[in-house]
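Examining the three-dimensional arrangement
What follows is each chain in one-letter form.
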Amino acid sequence: MSDGSSESLTSEGSMATETTETGTEAEGETGSFLDTWGTLVVVTIVMFVVSLDGAMIPVAIEPISTDLRTGASGVQAALAIYSVVDAPLLLTGAALGVLYGNKRIFRYGIVLFSIGTLIGALSPSLGIFIVGWSVIKAFADTMVTPISLALLLATYDGKRRATAFGVWGAVTASAQAVGPLLMGFLATVATWRLAIGLESVGLLAAFLLLFTVRETETQEEAVFDWGGTVLSFLSVGAIIVGFLLAGQYGWVTPIRPFVVGGVTIAPFGLSIVPFVFGFGLTVLWGLVEWERRRLSRGEAALFRPKLFTNRVYVTGLSIYAIYSIVTTGFGFVLPTFLAMAVGFDPLTIGIAFLPFAVAAILVSLGSGTVEKYLSPKRMIQVSVVLFVVGLLLLGTVLSPTVSVVSMVAPLAVFGAGAGLMRAPVSNVSLSAAGNEKGGEASGILETGKEFGRGFGNAVVGSIFLASLYGGIVDQVLNSTGIKVSQTERSRLIVSLEDAAQNFNSPGNSAAAGGLPKAVQGLLNRIVETAAVDAVQIALVLVVGFVLLQLILSGFLPNTRRSEEDEE
């Protein structure tokens, strides 16, 4: 890293490099496999389980809601609660690792995640499922996800760090693709409970291997930043809630009434969403000021605001957040299209995503080797090219008659882009922050990822659904010759979206089957045409976000890992 913006990487990273090389790097030359790679093994097992868990639930909304005697909205509420608990406390989990030791907090996180897993798998009702899966597991995730990166940063350096991040990226990317396939299979042949319960096996293995992980330095004499934790929860939580509400109630103009206790809330005739965002951003400003004052008094803080003056770190953080927007938006739009327009069941959708998973795994595993010849900047730029090519190829084959085979090449290319990008982005970002700031830097990085996920679902998902239902309404009106005002059209779109929440229920399926065949055929053609148009619009939007990553990559230094090692 030769430019001035990366001085913190050079100055702070050099001291950390010396420390690491006297530890793991030196012992790795003569130690056993677990002596060298034990930390990586434990971290990847846990992160595979965590990533797998998040990818499985959306596929099994129907069987879970049936088993827990609730509707699809109940399971979707559980997913929303998970995000609201998880994202605001990622900084807290990272701070706990800095104060009390990353290994210790990581261990507690594994135990809590296991407890939440068992409660979720055995839950007899939605309420207990939310306690186990949405609250306990979400809180546990805040103790393992940011610390997993901090442990890798503290344990490995140079080529081994590149390899470790490559494996970490491969595991998390593959779990997100394998999750739907595993859940689809087990929910079909057995029960969704088995898919969740099996996670405890991997967690037990990771817990038993924790002896291979070295503890990091602690600051137990410092007073924990409870005030910052509350402000973080309120600010980040409000922003995540804003993303969750945006698609349902509108970004500015209300598309549905927001009712609490029988009272409709619409300040100044506007949607509640901009006010939620305003509250979150205001408290976020207060959080930054709070952290600055604590640091000025020599007290422990959740993070150091000065970290945001590091251009390389902020650029990597931005690219990482957009990466989450791209993969989350894509992961919502394509399965929804395949289910609605093509008629794929969850298992078939999981099989269709296998090329994505295989490509992501293979490319991520090889990213450490690639980094010898290409700088993280160039790797990110190559990833952007792969993303765009994959999306363009996919756009040419998507239709109501698309087959799994025809999507192999596009999804493999897209998966290669995903696999190649995640490791170098994480590596260059955290290396720029330096080992001393690894915990807080990873916490902020993961919070950025959660912002990206929320934004991806809210923006890409809402635009896709709005285009889909709008297209259906427009085609029905055109086919019948009915003229309506723009206001009435908007109401029809909202009514259709509300009705579609339960479209696949047995009663509605039977009602649709009772319609004349000519009407059924017309409705099918309308839905298929609208879905194709909507997915094309959504893919263009995703391409736009991908190209934004290309622009941001220009702010990264063009330095290869081998050159840094020589320095």
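Presented here is a report on the structure given in the accompanying data block.

Procedures and definitions
Residues numbered from 1 in each chain as written. Predicted model: local features only at pLDDT ≥ 70, side-chain atom pairs only at ≥ 80, totals over all residues. Heavy atoms only, no water. Helix = DSSP H or I, 4+ residues; strand = E, 2+ residues; numbered from the N terminus. Buried < 20%, exposed > 50% of the residue type's maximum accessible area, 1.4 Å probe, protein only. Contact = heavy atoms within 4.5 Å. Axes fitted to C-alpha atoms, helices over the stretch in contact; angles between N-to-C directions. Left-handed = near helix turned anticlockwise from the far one by under 90°. Nonpolar A, V, L, I, M, F, W, Y, C, P; charged D, E, K, R; others polar. Core = buried A, V, L, I, M, F, W, Y, C linked by side-chain atoms within 4.5 Å. Phe/Tyr/Trp six-rings, centres within 6.5 Å; stacked < 30°, edge-to-face > 60°. Patch = residues over 30% accessible without salt bridge, like charges linked within 9 Å, V, L, I, M, F, W, Y side chains within 5 Å. Areas by Shrake-Rupley, 256 points an atom, 1.4 Å probe, with all protein chains shown as cover. Salt bridge = Lys/Arg side-chain N within 4 Å of Asp/Glu carboxyl O. Expected span 1.5 Å × (residues − 1).

Considering the overall build of the chain
Within the chain, the secondary structure is distributed over 22 helices and 2 strands. Out of the 567 residues belonging to the chain, those deemed buried represent 52%. Nonlocal contacts in the chain, meaning residues at least 24 apart in sequence, comprise 83% of its contacts between residues at least 6 apart.

A word on the packing of helix 2 (residues 33-56) against helix 7 (residues 126-155)
Following both chains from N to C, one finds helix 2 and helix 7 inclined at 145 degrees, their axes separated by 10 Å at the closest point. For the element pair helix 2 and helix 7, the recorded crossing hand is left-handed. The segment helix 2 lies against helix 7, with Thr-39, Leu-40, Val-43, Val-46, Met-47, Val-50 and Asp-53 engaging Trp-133, Lys-137, Asp-141, Val-144, Thr-145, Ser-148, Leu-151, Leu-152 and Thr-155. Considered class by class, the residues forming the contact of helix 2 with helix 7 number 9 nonpolar, 4 polar and 3 charged.

What about the nonpolar core?
Among the nonpolar cores identified, the biggest contains 130 residues, and Phe-106, Tyr-313, Phe-330, Phe-337, Leu-338, Leu-398 and Met-407 are the most heavily contacted of them. Looking at which element gives the most residues to this core, the answer is helix 13 (residues 311-342), with 16 residues. In this view, Tyr-313 contacts Leu-307, Ser-429, Ala-432, Ala-433, Ala-441, Ile-444 and Leu-445; residues no more than four positions away in its chain are not counted. Membership of the second largest hydrophobic core comes to 15 residues, among which are Leu-245, Tyr-249, Ile-272 and Ala-458.

A few points about the packing of aromatic side chains
By the definition in use, this model includes 20 aromatic pairs. Seen in terms of ring centroids, Trp-37 and Tyr-156 are 5.1 Å apart; in terms of plane orientation they differ by 25 degrees. Their pairing is stacked. Of this pair, Trp-37 sits in helix 2 while Tyr-156 sits in the loop between helix 7 and helix 8 (158-189), and the two are 119 residues apart along the sequence. A single burial state applies to Trp-37 and to Tyr-156, both of which are buried. Members of the aromatic cluster, joined through ring pairs, are Tyr-320, Tyr-323, Phe-330, Phe-353, Phe-356, Phe-387 and Phe-414.

Considering unusual backbone geometry
We note that Arg-69 has phi near 55 degrees; this positive angle belongs to a residue other than glycine. Turning to its location among the elements, Arg-69 is positioned in the loop between helix 3 (61-67) and helix 4 (72-86). Non-glycine residue Phe-268 carries a positive phi angle of around 55 degrees. Its place among the elements puts Phe-268 in the loop between strand 2 (263-264) and helix 12 (273-296).

Let's talk about a nonpolar patch on the surface
Together, Val-111, Ile-115, Leu-204, Phe-207 and Leu-208 make up an exposed nonpolar region whose accessible area comes to about 440 Å². Among the elements of the structure, helix 6 (102-122) and helix 10 (199-208) are those that each provide at least two residues to the nonpolar patch. Here the element with the most residues in the nonpolar patch is helix 10; it accounts for 3 residues. Looking at where Val-111 falls in the secondary structure, it is placed in helix 6. Residue Val-111 is classed as partly exposed on the basis of its relative accessible area, which comes to 37%.

Focus on helix 12
Because the α-helix completes a turn every 3.6 residues, residues three or four places apart line up on one side. Between its first and last C-alpha, helix 12 extends 35 Å over 24 residues, near the 34 Å set by a 1.5 Å rise per residue. Burial in helix 12 covers these residues: Val-273, Val-276, Phe-277, Gly-280, Val-283, Leu-287, Glu-291 and Arg-294. Buried residues in helix 12 make contact with helix 11 (226-249). Taken from the residues just after helix 12, Gly-298 is the one with a positive phi, measuring 75 degrees.

Some details on the environment of Val-46
As for its position among the elements, Val-46 is in helix 2. Separated by 160 residues in sequence, Val-46 and Ala-206 have C-alpha atoms that sit 6.5 Å apart. Excluding residues within four positions of it along the chain, Val-46 makes contact with Phe-106, Ile-110, Val-144 and Ala-206.

Description of the pattern of salt bridges
Under the definition given, this model contains 12 salt bridges. A salt bridge links Arg-491 to Glu-488; its shortest N-O distance comes to 3.8 Å. Of the two residues, Arg-491 and Glu-488 are both situated in helix 19 (residues 486-500); the distance of 3 residues between them amounts to about one turn of the helix. Salt bridges here are not isolated pairs; linked through shared partners, they connect Asp-225, Arg-294, Arg-297 and Glu-299.

Some thoughts on the packing of helix 2 against helix 6
Closest axis-to-axis distance for the helix 2/helix 6 pair is 12 Å, and the angle between their directions is 40 degrees. Crossing of helix 2 over helix 6 shows left-handed handedness. Contacts between helix 2 and helix 6 pair Val-42, Val-43, Val-46, Val-49, Val-50 and Asp-53 from the former with Phe-106, Ile-110 and Phe-113 from the latter. Split into classes, the residues belonging to the contact of helix 2 with helix 6 amount to 8 nonpolar, no polar and 1 charged.

Purely geometric stuff here, so don't read any function into it on its own.
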